[in-house]
Amino acid sequence: DAGITQSPRHKVTETGTPVTLRCHQTENHRYMYWYRQDPGHGLRLIHYSYGVKDTDKGEVSDGYSVSRSKTEDFLLTLESATSSQTSVYFCAISEGQGNTIYFGEGSWLTVV
Amino acid sequence: DAKTTQPPSMDCAEGRAANLPCNHSTISGNEYVYWYRQIHSQGPQYIIHGLKNNETNEMASLIITEDRKSSTLILPHATLRDTAVYYCIVRGNTGRRALTFGSGTRLQVQP
């Protein structure tokens, strides 16, 4: 298994509160990604990073921000959580832009 | 990236080969075909990928047609643990390209 750790794995939070999900990798891979998955849907890309301090938006980036200050950590922040952000969040990594992408085990977030 | 079309669901008997088709008629020359699967709510698991030649690894075989417009993932001896949603994804090898997931095929392996 790729060395990817997501934390927390499960979280319940209230509407309007800030939430940060962390993705930590031990592979020294350059690319990191955040996806979300909702019931009955495939995974959708939120944000990705192609290096330290280099990030870009995916298809569902509204309401989310990211930061990458170290190669090994990619943080996803919900500044003010809403019920529509209740989802399973997956982090992924790849060594290079054309290399295979490997996924973490997911973080279950419930916004009440 | 090219769009893919997969059947929404398939059944397979345990011990038999599972053949999962994927259509990607708009694929371009530098795009690879990737297969992932997702068991229950776990993270997607990489299975195999290829450009134009058939590929085989310890998990599966990938057969790509000569015109590259379709492919088939073969699980040679399906087990109950292979029950999952299988995603066929076409992805270029240049640019900062993530994976674009469709709805996949839900494979149910029957005892």
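Before going into details, it helps to say that this report is about the structure given with it.

Cut-offs applied
Residues numbered from 1 in each chain as written. Chains lettered and ligands numbered in written order. Predicted model: local features only at pLDDT ≥ 70, side-chain atom pairs only at ≥ 80, totals over all residues. Heavy atoms only, no water. Helix = DSSP H or I, 4+ residues; strand = E, 2+ residues; numbered from the N terminus. Rg over C-alpha atoms; globule rule 2.2 N^0.38 Å. Buried < 20%, exposed > 50% of the residue type's maximum accessible area, 1.4 Å probe, protein only. Contact = heavy atoms within 4.5 Å. Areas by Shrake-Rupley, 256 points an atom, 1.4 Å probe, with all protein chains shown as cover. Lys, Arg positive; Asp, Glu negative; His and termini not counted. Charge placed at Lys NZ, Arg CZ, Asp CG, Glu CD. Pairing = 2+ DSSP bridges. Axes fitted to C-alpha atoms, helices over the stretch in contact; angles between N-to-C directions. Polar contact = N/O pair within 3.5 Å; in protein donor to acceptor, adjacent residues only side chain to side chain.

Summing up its helical and strand segments, chain B has zero helices and nine strands in all. In chain B, the succession of α and β elements from N to C terminus is β-β-β-β-β-β-β-β-β. Against the 2.2 N^0.38 benchmark of 13 Å for 111 residues, chain B shows a C-alpha radius of gyration of 13 Å, consistent with a compact globule. Overall size of chain B, expressed as C-alpha extent along the three principal axes, is 40 × 30 × 25 Å. Residue burial in chain B is summarised as follows: out of 111 residues, 43% are buried. Residue pairs in contact within chain B that sit at least 24 positions apart in sequence constitute 56% of those at least 6 positions apart. Accessible surface for chain B amounts to roughly 5,600 Å². Of this, 46% is attributable to carbon and sulfur atoms. Looking at charge distribution, chain B has the averaged site of its 11 positive side-chain charges lying 6 Å from that of its 9 negative ones.

Our next topic: the sheet that holds strand β7 (residues 64–70) of chain A. Residue and element names in this part refer to chain A. Overall, antiparallel pairing links the four strands, which are arranged β1-β3-β8-β7 in an open sheet. If you trace the sheet from one side to the other, it starts and ends with β1 (4–7) and β7, each paired once. Adjacent strand axes in the sheet meet at a mean angle of 20° when their direction is disregarded. In this structure, strand β3 (residues 19–25) lies alongside strand β8 (residues 73–78), joined through six bridges in antiparallel fashion.

Take the side chain of S94 of chain A next. Residues and elements named next belong to chain A. Tracing the backbone through its elements, the reader meets S94 in strand β9 (residues 87–94). Looking at S94, the relative accessible area reads 0%, which means it is buried. At a separation of 3.2 Å, a polar atom in the side chain of S94 contacts the side chain of Y33. Apart from residues lying up to four places away in sequence, S94 is in contact with H29, R30, Y31, Y33, N99, T100 and I101.

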